[in-house]
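Analysis of the macromolecular model
What follows is each chain in one-letter form.
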Amino acid sequence: MAGGMLCRPYNRPVKGEMYAMNCAPILSVNNLKTYFFTDEGAVRAVDGASFAVHPGKTLGIVGESGCGKSVTALSILRIVDDPGRIVEGEIMFRRADGGEPVDLAKLDAKGGEIRAIRGGEIALVFQEPMTSFSPHYTIGNQIVETIQLHQDVGKAEARTRTIELLRMVGIPRPERRIDEYPFELSGGLRQRVMIAMALSCNPRILIADEPTTALDVTTQAQILDLLREIQERTQMSVIIITHDMGVIAEMADDVIVMYLGRVVESGPVDEIFHRPQHPYTQALLRSIPSIFAEPRTKLPTIAGSIPHPHNRPAGCPFHPRCADFMPGKCDRHEPQLRPVSASQMASCFLYHEPAEAPQQS
Amino acid sequence: MTQAKPPVKRSAFDSQFDPAPSTTAAEERVSVATQWQLMWWRFRKHRLAMISGIVIAAFYLVAIGADFLAYADPHKTEAFRSLIAPQPIHFFDEGRFSPHVFGLVGKRDPRTFKRVYEPDPEQKIPLRLFAEGYEYKFLGLFKTNRHLIGVDGGLAEEAIFLLGTDQLGRDLWSRMMIACRLSLTIGLAGVTLSLVLGVLLGGISGLYGGAIDTLIQRVIEILRSIPTIPLWMGLAAAMPRDWGVVQVYFAITVILSLIGWTDLARVVRGRFLALREEDFVLAAELAGVSQMRIILRHMVPSFLSHIIAATTLALPNMIISETALSFLGLGLRPPAVSWGVLLQDAQNIQTVAISPWLLSAALPVIVVILAFNFLGDGLRDAADPYG
Amino acid sequence: MLTYTIRRFLLALLTIWAISVLAFAIIQLPPGDYVTAYIAQLASSGVDVTPEFAENLRQQYGLDSPIWVQYLKWMEQISRGNFGRSLEWRAPVLDMIGDRLWLTMAVSVSAVLFTWGLALPIGIYSAVRQYSIADYIFTFIGFIGLAVPSFLLALILLYLGFRYFDANIGGLFSPEYQLADWSLGKVWDLIKHLPLPAIILGMAGTAQLIRIMRANLLDELRKPYVITARAKGMSEFRLILKYPVRAALNPFVSTLGYLFPFIISGSIIVALVLSLPTIGPLLLRSLVAQDIFLAGTIVLFLGIMTVFGTFISDILLMWVDPRIRFERRE
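One structure accompanies this document, and this report is about it. Just so you know, these numbers come straight off a predicted model, no measurement behind them. (Residues numbered from 1 in each chain as written. Chains lettered and ligands numbered in written order. Predicted model: local features only at pLDDT ≥ 70, side-chain atom pairs only at ≥ 80, totals over all residues. Heavy atoms only, no water.)

Helices and strands together make up the secondary structure of chain C, namely 15 helices and two strands. Out of the 330 residues in chain C, the part that is buried amounts to 53%. Across chain C, the fraction of contacts at a sequence separation of at least 24, relative to all contacts at a separation of at least 6, is 72%. Charge-centre separation for chain C: the mean point of 26 positive side chains lies 15 Å from the mean point of 22 negative side chains. (Helix = DSSP H or I, 4+ residues; strand = E, 2+ residues; numbered from the N terminus. Buried < 20%, exposed > 50% of the residue type's maximum accessible area, 1.4 Å probe, protein only. Contact = heavy atoms within 4.5 Å. Lys, Arg positive; Asp, Glu negative; His and termini not counted. Charge placed at Lys NZ, Arg CZ, Asp CG, Glu CD.)

Before going further, it helps to spend a moment on the pattern of salt bridges. Scanning the entire structure with this criterion turns up 33 salt bridges over all chains. With its nearest N and O atoms 2.7 Å apart, the salt bridge here joins Glu334(A) to Arg262(A). Taken together, the residues Glu334(A) in the loop between helix H11 (279-286) and strand S11 (338-339) and Arg262(A) in strand S10 (residues 262-268) connect sequence positions 72 residues apart. The exposure class of Glu334(A) is buried, given its relative accessible area of 17%. Using a relative accessible area of 12% as the deciding quantity, one classes Arg262(A) as buried. With a closest N to O distance of 2.6 Å, Asp377(B) and Arg211(C) form a salt bridge. (Salt bridge = Lys/Arg side-chain N within 4 Å of Asp/Glu carboxyl O.)

What follows covers the pairing of strand S8 (residues 237-242) of chain A. All names here are of chain A. Of all six residues in S8, six are buried; the element is thus mostly enclosed. A two-sided burial pattern is seen for S8, the buried positions comprising Ser 237, Ile 239 and Ile 241 on one face and Val 238, Ile 240 and Thr 242 on the other. The pairing of strand S3 (residues 58-62) with S8 spans five bridges and is classified as parallel. Bridging across to S8, Val 62 finds its partner in Thr 242. Both strand S7 (residues 205-209) and S8 contribute to a ladder of five bridges, which runs parallel. Looking at the pairing, Ile 207 lines up with Ile 239 of S8. What joins S7 to S8 is helix H8 (residues 217-234), and the crossover it makes is right-handed. (Pairing = 2+ DSSP bridges. Right-handed = clockwise from strand over helix to strand, strands pointing away.)

Backbone hydrogen bonds are what pair the strands of a sheet, in a parallel or an antiparallel way. All names here are of chain B. Spatially, four strands are ordered S1-S2-S3-S4 in an open sheet, and the strand pairing comes out antiparallel. Each of the sheet's edge strands pairs with one partner strand only, and the pair in question is strand S1 (90-93) and strand S4 (142-151). This sheet shows a mean twist of 50 degrees between the axes of neighbouring strands, independent of strand direction. One ladder, built from three bridges, connects S1 with strand S2 (residues 96-108); its direction is antiparallel. Residue pairing for S2: His 90 is matched across the bridge by His 100. (Axes fitted to C-alpha atoms, helices over the stretch in contact; angles between N-to-C directions.)

This paragraph deals with the environment of Leu188(B). Structurally, Leu188(B) can be placed in helix H5 (residues 172-208). For the pair Leu188(B) and Ala314(B), spaced 126 residues apart in the sequence, the C-alpha separation amounts to 9.7 Å.

Now for the packing of helix H5 (residues 93-128) of chain C against helix H6 (residues 133-147) of chain C. Residues and elements named next belong to chain C. Direction vectors running N to C along H5 and H6 enclose 135 degrees, while the axes themselves pass 8 Å from each other. Between H5 and H6, the crossing angle belongs to the class labelled oblique. Here H5 and H6 pass one another in a crossing that is left-handed. When H5 is examined against H6, the residues Ile 122, Tyr 125 and Ser 126 are found in contact with a partner set consisting of Ala 134, Asp 135 and Phe 138. (Parallel < 35°, antiparallel > 145°, perpendicular 65-115°, else oblique. Left-handed = near helix turned anticlockwise from the far one by under 90°.)

What follows deals with the interface of chain B and chain C. The partner chain C presents 40 residues to the 41 residues of chain B that form the contact. Interface area, chain B with chain C, both sides summed: about 3800 Å², of which 79% is carbon and sulfur. Taken together, the links from chain B to chain C amount to one salt bridge. If you look at where chain B meets chain C, you find one residue pair in polar contact (both at pLDDT 80 or more). Of all the secondary-structure elements, those providing two or more residues to the side of chain B that touches chain C are helix H6 (210-224), helix H7 (228-237), helix H10 (291-328), helix H12 (349-354) and helix H13 (362-382) of chain B. If one sorts the elements of the side of chain B that touches chain C by residue count, H13(B) sits on top with nine residues. Of the residues belonging to the side of chain B that touches chain C, the class tally is 28 nonpolar, six polar and seven charged. (Buried area = accessible area lost by both parts, 1.4 Å probe. Polar contact = N/O pair within 3.5 Å; in protein donor to acceptor, adjacent residues only side chain to side chain. Nonpolar A, V, L, I, M, F, W, Y, C, P; charged D, E, K, R; others polar.)

This part covers the environment of Ile204(B). All names here are of chain B. If you trace the backbone, Ile 204 turns up in helix H5. Each C-alpha atom, one on Ile 204 and one on Thr 185, is 28 Å from the other, the two residues being 19 residues apart in sequence. Residues in contact with Ile 204, not counting those within four places in the same chain, are Val 199, Gly 209, Ile 212 and Ile 216.

All right, on to the sheet that holds strand S2 (residues 41-53) of chain A then. Residues and elements named next belong to chain A. The four strands are arranged S2-S1-S4-S5 in an open sheet whose pairing can be described as antiparallel. Unpaired on one side and paired on the other, S2 and strand S5 (102-103) mark the two borders of the sheet. Note that strand S4 (residues 84-93) and S5 share two bridges and pair antiparallel. Each bridged residue has a counterpart across the sheet, and for Met 92 the counterpart in S5 is Asp 103. Across the sheet, helix H2 (residues 69-77) lies against strand S1 (27-38), S2 and S4, angled at about 105 degrees from S1, the strand it touches most.

What follows concerns a nonpolar patch on the surface. Residues Leu61(B), Ile64(B), Leu139(B), Leu141(B) and Phe142(B) make up a contiguous nonpolar surface patch of about 540 Å² in total accessible area. With respect to the helices, strands and loops of the structure, Phe142(B) is situated in strand S4. (Patch = residues over 30% accessible without salt bridge, like charges linked within 9 Å, V, L, I, M, F, W, Y side chains within 5 Å. Areas by Shrake-Rupley, 256 points an atom, 1.4 Å probe, with all protein chains shown as cover.)

Residue and element names in this part refer to chain A. In this structure, S1 lies alongside S4, joined through eight bridges in antiparallel fashion. Across the sheet, the residue bridging to Val 29 is Ile 91, located in S4. Where S1 lies against S2, ten bridges are found, and the strand directions are antiparallel. Opposite Leu 27, over in S2, you have Val 53 as the bridge partner. The antiparallel pairing of S1 with S2 creates a hairpin that spans two residues between the two strands.

Residues and elements named next belong to chain B. Mapped onto the elements, Asp 166 comes out in the loop between S4 and H5. A C-alpha to C-alpha distance of 13 Å links Asp 166 and Val 337, two positions 171 residues apart in sequence. When residues no more than four places from it in sequence are discounted, the contact partners of Asp 166 are Arg 81, Ser 82, Leu 83, Leu 172, Arg 175, Asp 345 and Leu 358. Engagement of the side chain of Asp 166 in a polar contact is seen with the backbone nitrogen of Leu 168, the distance being 3.1 Å.

What follows deals with the state of the cysteines. For the structure on display, the rule yields zero disulfides over all chains. Free cysteine Cys67(A): the closest other cysteine sulfur is in Cys316(A), separated by 14 Å. (Disulfide = S-S within 2.5 Å.)

Set out below in structure tokens:
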């Protein structure tokens, strides 16, 4: 993968601890739980997710809709809407000043520190380029605003920089486009503008939440290329959130697979693709259409659908749809994310025995 | 994040496991319920709207049984009983349950020379239920002289003053009961007429579009930018003086609906425009269903609930308008009795300062308007059962 | 943008025309023609009316001609500044209306300002702090404002003021200024008296606008661009004012057009209760007394004033709503 000259822990046999010492993560999320407290009860959107983002690396978060990917991203930025709340866990982030890592989960969500990080050090690119801009202001206005929020520059300079950014993300004639309104741009251009806005303050982490889902296929490829190219140039870390295994394969260094708010498997992208451990990951990979597949065979799908968040299954949340379901085990106990190889972890009783007593509910 | 996803299709490849069916009994019930059932379920959750509905039903019951609830002839004037303050009913007499009122002694205030009435605790007049009083026709069907409360043997007019009397000595409580009739029905009549106009013109506008639509829309815009009260006042003042109660009543209804239809027409037009694009309408068209049938059978049922909600919300405006016009003396005129007519006595602040009970007709106006608003809001929310 | 302005202007002209027809209808509706009424009145006050004079009057107003000719004649008289004479007051209609029209304007405009000034921040607050105690309180007050017709509110406040503060809170001027000529002191006195009628008149409109603003803003707050702005690190206060409030302003402003007629309407009755020296009481008297020229002219003037106010609201709407401004780009 491109951009991995600093740390390449997965391509050579390095032990876990060594890797951690050499290259401390810029962001590490531990046992994050974000619940939505609705009238019908608490919805556990993110339920104990743990992962790390390394400098200059791309982390892919993959999963079906409703698995908590986006809420994870919003939790990191502390912009989860009511009635959602982070109930547990920590989000350790190493700030640019090089001091001790701060726990974003403990910061005041409206305070100055988290606002300096939002947009300034961690930036977000959204799924919906159509509605992610306010139709009432020009794109220039909205980017200049971001720059001036985080950097002490005048309007003219911010504007020059905005034009520069727009040129960098491949907007033709940026001097003119800067004064256009979002609805005057095509979807692909709008997503480029969105990326330009996210990059405007040289963030250290870029979170791209389904950045290509709303775009057509050729535009998708261009946007992904652009992201990779920028990452190579700026050495920032990227979290890419998607349901598309193809995007993961193309972009990610590390992958976490989420199901119903939990990380069910994590590891380097090659391992995940070539040696998937969790039955869910295996099923996901099987459902990718392949040009090598036998013609006229049905594309395998995962049976059933994601359970309603209010009646999530007991035990392993995946067990009702799992091909390797072990009665008495999977439906009684909750599996934990445990190492299954030097670099890979999975949360499945195929690889470890249930430790705790059968849980209720 | 939590939006529903279409169920994943099953295939031979993964037939070994059985997905738990996620539809519960409750969901099953929802999917087979009729539109009206769904509306009713949603409406029931709206507690305030439910209560308001009951309040409104109670008001209409009062209107029906007004004569029974009144105890004094609402039209009988008596100079000796002018402006008597409200007198409470005492329920207990020395620990015994025995509802009674005190007799009143009229005196002249030595300073103002006004006649004032003071209750005399020595003089207890017992009350009884279903007492005899003035004669009326119950529901317009049969004659009776029974009233909910009254005085044994004597005249209720001379003894009970729940809300006091007006300048002419008429009992305010009894008049307020009777007033419910005109005040509550004139709103209904006005709304019905507006509804006919609104549905007709809004329907034509939405259905045919084009020049007719533009014309009707402009008319609505113009009507809405005219200040209504001066217009109503002008029209109401032009009513001949010698018209009877019934004629005035209908004239007022027409005047009120003249503006009232515009809101309903907008709702109907909007619905028609939206429905015209719906697939089921197109499907019906392609199946060769006649246009009339499409409208009556397919389109109207799907926006009827919206119309009902909009109508409910239009009613309070009608009631306010009638009250306002009558208050000014341009609406219903005595001997007709409506809340607005009753409030006419309260126009003068000097009178109100001395006899504040003349304002009491404001209370039912406020309660009814509030109730209609809550009910309408509840109905509007319930009208979108899948929303 | 220009086409929009022109369209609005034409519609305003059309509305004024419609109002003039209605005002004419009000003059025409009472039985008998007004010259007969006028002559009868002159005669009763002892003036000797010659048949020629009566004939002249009839000619002037074209009473023998078809109805539309009469209308045109009336319009012609008006365009010359002749609005006719008040039968009851025996004075030119214009002299009667004079100050009262301006005072009506002052009361209505201050009510509109009060409504905007209050409804906007409260609506924003109620949406941003949805289901807070303050939100419930505002919602409750809003419902009261909606349910209590302005003239009842005026009556109740008047009574309370009379009863508990022993003060007559009606009127627009202190007694010493009532008959005085206009001066700075009188204007200041007027300004001091304006808030109460403005609040009474504005109450219902405010309640309605709060509900509209709250509902719109709640919709806008759920839009993705709000999350984008939040992700930029903007402060919540600035963010809400710049983005969702801006978007919610459009439907808000478009309802303003109907606020003005509503308030003018209400002012007629409230003026009566509060005994304001505005045009309302005069209109009522003229209608009751069948003082047709006075009544017709007042209705016409009120209508024109309303249309003017609505037109200004429309222009404001255009200024706020970029969709209308962008028509030129299409």
